[in-house]
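Residue strings, one per chain:
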Amino acid sequence: MSKVIVVTSGKGGVGKTTTSASFATGLAMKGHKTVVIDFDVGLRNLDLIMGCERRVVYDFVNVINGEATLKQALIKDKTHDKLFILPASQTRDKDAFTKEGVEKVIDELRESFDYIVCDSPAGIEKGAIMALYFADEALVVTNPEVSSVRDSDRILGILAAKSKRAEEGAEPIKEHLIVTRYSPERVESGEMLSIEDINDLLGINLMGVIPESESVLQASNSGIPVIRDSQSSSGQAYDDVVMRFLGEEVPMRFLDAEKKGLFKRIFGA
Amino acid sequence: MSLLDYLTRKKKSSASVAKERLQIILAHEHANASGPDYLPALQRELLDVVSKYAKVDLDDIKVNLEMEGDCEILELNISLPESSRKLA
């Protein structure tokens, strides 16, 4: 049985595309045939994060409109042969998506893929609704910051009311929380919401905490999903997320600040 | 946190302020979201009907939906101005 997973957040810039890229890559690294779809029509970026921007010929909207076949539009990842990317269109036509069109593409993908990861655009407009509409599970990406938490709460409401599963009265979408850009030091000094705070506020299952790390920017600079940087804390944290998603028991890491010496304790970092 | 930070620290951390503010706004937004979508439209249409007979503003019409056990209670509260009461 194939699974459709939406990566969503409401707010922009919190790490949806970074998470989509690493999560999809991680699933493929574990041997599952995976496709990651960019739903951000007009603002295509997943191709850059995945490092395949120069190999885009056809896109999602071309497939919906019958101008290209799925086979022509899917880009095979250079390093993982079980990983494919379906890029977004750069058209400015916001009506490019129809529910029927998207459903047809997803149904066709379901026939040959284990996991279909949908990278949602920010906001709650049509593109974001289309990205979550067919989902079986959702990764809600949240920063430890007030506007991001509020928008995530809003998206949880939409997942519960506007998705196909909600409309048909089927079993609700399984929701998982991914907290990104987490800084244990700042939490300890009381200037950042903690994991417990966010959990209390949103009340969904925590699937992973990605610590703030320089390697995320370095990875996007070079077009390599950060999960492939196994030396970095964020890469390791994404690897944990993938294992938890696949049902393994993996304890949470990167929740505590590094212990400081006496000098630092007195004078600060 | 350094000792100096600790000694000069303000009473409440900004993170706990953030959490309190979020708790309040999320509770408020959940209360609004749980009601059916038609309440604002109902309020506007009621205004159209009532204003045929009395001079009222949208603010004078309160539409509230409350839960009491299994029962949903739709409460309408229309405050009529002094002058219209005499007319009626």
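Quick caveat, the model's predicted, so the values are computed rather than measured.

A. A look at the overall build of chain A. Assigned secondary structure in chain A consists of 13 helices and 8 strands. Taking the principal axes of the C-alpha coordinates as reference, chain A spans close to 65 × 40 × 35 Å. A total of 269 residues make up chain A; the buried ones form 54% of that total. Counting contacts in chain A only where the partners sit at least 6 residues apart, residues at least 24 apart contribute 73% of the total. Taken as a whole, chain A presents about 12400 Å² of accessible surface, with 47% of it coming from carbon and sulfur. Treating the 33 positive side-chain charges of chain A as one cloud and the 42 negative ones as another, the clouds have centres 3 Å apart.

B. Main features of the state of the cysteines. All names here are of chain A. Going through the model one piece at a time under the given rule, you end up with 0 disulfides over all chains. Not engaged in a disulfide, the cysteine cysteine 52 finds its nearest cysteine sulfur in cysteine 118; these two sulfurs lie 16 Å apart. Residue class for cysteine 52 comes out buried when judged on its relative accessible area of 1%.

C. Structural detail: the environment of alanine 54 of chain B. Residues and elements named next belong to chain B. Residue placement: alanine 54 occurs in the loop between helix H3 (39-53) and strand S1 (61-68). Its relative accessible area of 11% is what places alanine 54 among the buried residues. Separated by 41 residues in sequence, alanine 54 and serine 13 have C-alpha atoms that sit 53 Å apart.

D. Structural view of the pattern of salt bridges. All names here are of chain A. Evaluated as defined, the whole model comprises 14 salt bridges over all chains. Here glutamate 103 and lysine 164 are joined by a salt bridge, their closest N and O atoms 3.6 Å apart. In this pair, glutamate 103 sits in helix H5 (residues 99-112) while lysine 164 sits in helix H8 (residues 164-167), placing the two residues 61 residues apart along the sequence. Across the salt bridge formed by arginine 110 and aspartate 136, the nearest N and O atoms sit 3.2 Å from each other. Here aspartate 136 lies in the loop between helix H6 (126-133) and strand S6 (137-142) and arginine 110 lies in helix H5, a separation of 26 residues in the sequence. Among the charged side chains, a network of salt bridges with common partners joins Glu103, Lys164 and Glu168.

E. Representation of the nonpolar core within the structure. All names here are of chain A. Phe39, Phe60, Val102, Leu109 and Leu159 are the most contacted members of the largest nonpolar core, which has 55 residues in total. Ignoring any residue separated from it by four or fewer positions in sequence, one finds phenylalanine 60 in contact with Ile37, Asp38, Phe39, Leu86, Pro87, Phe97, Val102 and Val105. The next biggest cluster of nonpolar side chains, apart from the first, holds 32 residues, and it includes Ile5, Ala24, Val141 and Phe245.

F. Main features of H6 of chain A. All names here are of chain A. Summarising burial for H6: 7 of the 8 residues are buried, a large majority. Among all positions in H6, only Gly127, Ala128, Ile129, Met130, Ala131, Leu132 and Tyr133 are buried. In the core, the buried residues of H6 are packed alongside strand S1 (3-8), H5, strand S5 (115-119), helix H7 (146-162) and H8.

Definitions and cut-offs
- Residues numbered from 1 in each chain as written.
- Chains lettered and ligands numbered in written order.
- Predicted model: local features only at pLDDT ≥ 70, side-chain atom pairs only at ≥ 80, totals over all residues.
- Heavy atoms only, no water.
- Helix = DSSP H or I, 4+ residues; strand = E, 2+ residues; numbered from the N terminus.
- Buried < 20%, exposed > 50% of the residue type's maximum accessible area, 1.4 Å probe, protein only.
- Contact = heavy atoms within 4.5 Å.
- Areas by Shrake-Rupley, 256 points an atom, 1.4 Å probe, with all protein chains shown as cover.
- Lys, Arg positive; Asp, Glu negative; His and termini not counted.
- Charge placed at Lys NZ, Arg CZ, Asp CG, Glu CD.
- Disulfide = S-S within 2.5 Å.
- Salt bridge = Lys/Arg side-chain N within 4 Å of Asp/Glu carboxyl O.
- Core = buried A, V, L, I, M, F, W, Y, C linked by side-chain atoms within 4.5 Å.

The analysis is restricted to geometry; functional conclusions fall outside its scope.
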